[in-house]
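Take a look at the letters that make up each chain.
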Amino acid sequence: MNTPRTTRALVRRPGPRLDDGLLTHLERIPVDLALAEQQWRSYVEALRTEGWETIEVPPADDCPDAVFVEDTVVVLDDLAVISRPGADERKPETAATEATLAGLGYRIARIEAPGTLDGGDVLKHERTVWVGLGGRTNSEGMEQLAAHLAPLGARVVGVPVALVLHLKSAVTALPDGTVVGFEPLVDDPGAWDAFLPVPEEAGSHVVVLDESAVLMSTSAPRTQALLEERGLRVVAVDISEFEKLEGCVTCLSVRLRG
């Protein structure tokens, strides 16, 4: 493994109300809470096995979607921009994330009203930051994020999102910057210079572990084979219970690099 041992990831365990999580594009299917807890532990263990230190954000048991901790913050270098979720039910989730990151020494900035921004709408590669607009994140939220990140040399680009819940429900980036997505659910594949269509919806979601390895769902075996043909090492985890709630591998952690 090439992952530096200094890499850390925020995680948040699923709460007792997980089955009440918000749905936008899927029909509700009952969630097996015991299985979800087991899958979450396996996801966390996979990160640890790959050399990541995991840090638990305190639970928010009154918030069914709190396990999807990625939506609460955008982190770049030593700056943590606390989100302002587009769904009112999720706004209480951010306080514990802010306290955790402040305790780790991160500088804190916040998205303020009338801006809304979910972390799942933010895709970063190097100093380019794409922000999905049209669902949980609005233009005011994107503009505030751009202002916070500009001193760090980041370029923020807005892209449309209408077919899925969040931008990262449709696309994520491989270690070399190639953006992958299931094309029927990508509003504008032309938004990226290098776009690789994948054969399964779950194949759109990868977590970069290091320059040669990614984490993804077992729900996308054909995409796994495609990525392995490109020379990547793939760590596959079963997150089927979270996929019932429009969740994916990226939603379940906030990766802190450097």
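One can find the structure itself at the top, above this paragraph.
The rules we used
Residues numbered from 1 in each chain as written. Predicted model: local features only at pLDDT ≥ 70, side-chain atom pairs only at ≥ 80, totals over all residues. Heavy atoms only, no water. Helix = DSSP H or I, 4+ residues; strand = E, 2+ residues; numbered from the N terminus. Rg over C-alpha atoms; globule rule 2.2 N^0.38 Å. Buried < 20%, exposed > 50% of the residue type's maximum accessible area, 1.4 Å probe, protein only. Contact = heavy atoms within 4.5 Å. Areas by Shrake-Rupley, 256 points an atom, 1.4 Å probe, with all protein chains shown as cover. Lys, Arg positive; Asp, Glu negative; His and termini not counted. Charge placed at Lys NZ, Arg CZ, Asp CG, Glu CD. Pairing = 2+ DSSP bridges. Axes fitted to C-alpha atoms, helices over the stretch in contact; angles between N-to-C directions. Salt bridge = Lys/Arg side-chain N within 4 Å of Asp/Glu carboxyl O.

1. As for the overall build of the protein
Here is step 1: When you go through the protein residue by residue, the secondary structure sums to six helices and 15 strands.
Here is step 2: Computed over the C-alpha atoms, the radius of gyration of the protein is 17 Å, within 12% of the 18 Å expected from 2.2 N^0.38 for a compact globule of 258 residues.
Here is step 3: Its C-alpha atoms give the protein principal-axis dimensions of about 45 × 40 × 40 Å.
Here is step 4: Counting the 258 residues in the protein, one finds 55% classified as buried.
Here is step 5: For the protein, the proportion of contacts with a sequence separation of at least 24, taken over those separated by at least 6, is 67%.
Here is step 6: Approximately 10,600 Å² of the protein is accessible, and the part contributed by carbon and sulfur atoms is 50%.
Here is step 7: Placing the 24 positive and 41 negative side-chain charges of the protein at their respective mean positions leaves the two points 5 Å apart.

2. Some thoughts on the environment of alanine 194
Here is step 1: Along the chain, alanine 194 falls in the loop between β10 (179-181) and β11 (195-197).
Here is step 2: Along the primary structure alanine 194 and threonine 178 are separated by 16 residues, whereas in three dimensions their C-alpha atoms are 5.1 Å apart.
Here is step 3: Look past the residues within four positions of alanine 194 in its chain and what remains in contact with it is Gly177, Thr178 and Val179.

3. Description of the sheet that holds strand β8 (residues 155-160)
Here is step 1: The three strands are arranged β6-β7-β8 in an open sheet whose pairing can be described as mixed. Of all strands in the sheet, those bounded by a partner on one side alone are β6 (122-125) and β8. Strand-to-strand twist of the sheet, defined as the mean angle between neighbouring strand axes without regard to direction, takes the value 25°.
Here is step 2: One ladder, built from four bridges, connects β6 with strand β7 (residues 128-133); its direction is antiparallel. Bridge pairing links leucine 123 to tryptophan 130 in β7.

4. Section: the pattern of salt bridges
Here is step 1: Applying the stated criterion across every chain yields a total of 17 salt bridges.
Here is step 2: The shortest N-O distance in the salt bridge between glutamate 37 and arginine 13 comes to 3.0 Å. Placement of the pair is glutamate 37 in helix α1 (residues 33-49) and arginine 13 in the loop between β1 (8-11) and α1, with a sequence separation of 24 residues.
Here is step 3: The closest approach of N and O atoms between glutamate 50 and arginine 233, which form a salt bridge, is 2.8 Å. Separated by 183 residues along the polypeptide, glutamate 50 in the loop between α1 and β2 (53-56) and arginine 233 in strand β14 (residues 233-237) bring together distant segments of the chain.
Here is step 4: On the basis of relative accessible area, arginine 233 is assigned to the partly exposed category, the value being 34%.

5. Focus on the environment of cysteine 63
Here is step 1: Among the structural elements, cysteine 63 can be located in the loop between β2 and β3 (73-76).
Here is step 2: Take cysteine 63: its relative accessible area is 10%, and that puts it in the buried class.
Here is step 3: Counting along the chain gives 28 residues from cysteine 63 to lysine 91, while the straight-line C-alpha distance between them is 9.1 Å.

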